[in-house]
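Breakdown of the fold
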Amino acid sequence: MLLEFRTKNFRSLRDECTLSMVASGDRTLAKTNLHQTGLKSLPNVVRTAAIYGANASGKSNVIRAIQAMREIVLGSASYQFGQPFPMIQPFKLDPASVAEPTEFEITFLLKGIRYQYGFSLTPERITSEWLFAYPTAKGQRWFQREYDPQKETDTYNLGSHLSGQKSVWREATKQNSLYLSTAVQLNSEQLKGIFEWFFSSLIIFPDTAIPAFDYTVSYIRDDINNTV
């Protein structure tokens with residue numbers, strides 16, 4: 001279940017932009033428009049949301065940002081060394097922004113646990129990456145990665161709540177690959193569910209695609225799509 005998506009310095013979106021599915025305190029039409037999360041801190045999310053605004057105001061780029069994040073999560077472990085990220089285009093009308101990394105962060109609910117995962121990157125490399133889990137109100141840092149441009153190395157903070165061959169995954173992670181994606185490729189069972197959420201639950205229809213009516217109806221009728 002998607003709770004929030006945040007991006008910065010992506011195409012026309014120079015400043016931080018957030019798409020939040022967290023519901024307000026308004027209980028009007030709650031029965032039909034809200035979904036209960038089971039979390040005390042944010043008990044309800046909206047079932048649907050719309051992005052609206054003037055032409056060329058960046059609406060489509062929000063969706064493209066989500067799609068770019070998904071593509072990098074699913075594909076970066078297979079990138080060749082030095083292969084750039086062609087979908088990463090920082091805001092070009094500000095000289096300072098051109099030199100800054102693009103940032104993505106997503107918060108979602110999976111089997112009753114809230115996860116906060118994100119990364120920043122340039123077209124050439126990952127500059128930071130982080131994953132926090134919230135099985136309770138207190139967060140757990142599973143891993144955090146930061147690139148030091150002076151030393152030209154990545155520094156990792158691998159939390160005790162993350163199990164498995166953490167050092168092996170770290171050594172195998174290339175500069176243009178995500179630690180999450182690499183660890184799953186090397187059989188991390190703990191991170192597999194998070195990776196699969198991006199694959200099976202975060203579905204993006206391209207700009208030119210029109211979902212078939214039968215597909216939409218069957219999706220709505222399937223009870224599994226009305227649960228977490």
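Refer to the structure above for everything that follows.
Here we summarise the structure given alongside this text. In this text the structure is predicted, and so the values were computed from the model without any measurement.

Conventions and cut-offs
- Residues numbered from 1 in each chain as written.
- Predicted model: local features only at pLDDT ≥ 70, side-chain atom pairs only at ≥ 80, totals over all residues.
- Heavy atoms only, no water.
- Phe/Tyr/Trp six-rings, centres within 6.5 Å; stacked < 30°, edge-to-face > 60°.
- Helix = DSSP H or I, 4+ residues; strand = E, 2+ residues; numbered from the N terminus.
- Buried < 20%, exposed > 50% of the residue type's maximum accessible area, 1.4 Å probe, protein only.
- Lys NZ or Arg CZ within 6 Å of the ring centre and 35° of its normal.
- Salt bridge = Lys/Arg side-chain N within 4 Å of Asp/Glu carboxyl O.
- Axes fitted to C-alpha atoms, helices over the stretch in contact; angles between N-to-C directions.
- Parallel < 35°, antiparallel > 145°, perpendicular 65-115°, else oblique.
- Left-handed = near helix turned anticlockwise from the far one by under 90°.
- Contact = heavy atoms within 4.5 Å.
- Core = buried A, V, L, I, M, F, W, Y, C linked by side-chain atoms within 4.5 Å.
- Pairing = 2+ DSSP bridges.
- Expected span 1.5 Å × (residues − 1).
- Arc of directions from axis to C-beta.

Bringing the packing of aromatic side chains into the picture now. Using the criterion set out here, one finds 14 aromatic pairs in the structure. The interplanar angle of 75° and the centroid separation of 5.7 Å between the aromatic rings of Y115 and W142 together place this pair among those described as edge-to-face. Placement of Y115 in strand β6 (residues 113–121) and of W142 in strand β8 (residues 140–148) is noted, with a sequence separation of 27 residues between them. Each of the two residues, Y115 as well as W142, counts as buried. Ring centres of Y117 and F119 lie 5.9 Å apart, and the angle between their planes is 55°; on these two criteria the pair is classed as tilted. Cluster of aromatic residues (ring-pair linked, three or more members): F5, F10, F104, F108, Y115, Y117, F119, W142, W197 and F198. The ring of Y147 carries the charged tip of R125 above its face, separated from the ring centre by 3.6 Å.

By the definition in use, this model includes nine salt bridges. Residue E129 is joined to R145 by a salt bridge in which the shortest nitrogen-to-oxygen separation is 3.0 Å. Linking E129 in strand β7 (residues 126–134) with R145 in strand β8, this pair joins segments that are 16 residues apart in sequence. As a salt-bridge pair, E171 and R170 come within 3.7 Å of each other at their nearest N and O atoms. On the basis of relative accessibility, which here comes to 31%, the residue R170 falls in the partly exposed class. What you see here is one network of salt bridges that share partners, running through R6, E16, E103 and E105.

Our focus in this paragraph is the packing of helix α2 (residues 59–75) against helix α6 (residues 189–200). In the contact formed by α2 and α6, the axes pass within 10 Å of each other and the chain directions differ by 130°. Overall, the two elements α2 and α6 adopt an arrangement that is oblique. In the packing of α2 onto α6, the handedness of the crossing is left-handed. Contacts from M69, R70, V73 and L74 in α2 reach F195, F198 and F199 in α6.

The next subject is the nonpolar core. Grouped together as the largest cluster of nonpolar side chains are 41 residues, with contacts concentrated most on F104, Y117, L191 and F198. At the level of elements, α2, β5 (102–110), β6, β7, β8, α5 (179–185) and α6 are the ones that each hand at least two residues to this core. With six residues, the single largest contributor to this core is α2. With residues near it in sequence (within four places) discarded, F198 still touches M69, R70, V73, L74, I106, F108 and Y117.

Before going further, it helps to spend a moment on the sheet that holds β6. The antiparallel open sheet is built from seven strands, whose spatial order is β2-β1-β5-β6-β7-β8-β9. Strand pairing shows two members of the sheet lacking a second neighbour, β2 (17–20) and β9 (153–158), which therefore form its edges. Averaged over all pairs of adjacent strands, the angle between their axes in this sheet comes to 10°, without regard to strand direction. Here β7 runs beside β8; their pairing, made up of six bridges, is antiparallel.

Over its 12 residues, α6 runs 17 Å from end to end, which matches the ideal 16 Å to within 8%, given 1.5 Å per residue. When α6 is considered as a whole, its buried residues turn out to be L191, I194, F195, W197 and F198. Along the axis of α6, the buried positions cluster into a sector of 145°, meaning they face one direction only. Exposed residues pointing more than 90 degrees away from the buried face of α6 are listed as E189 and F199.

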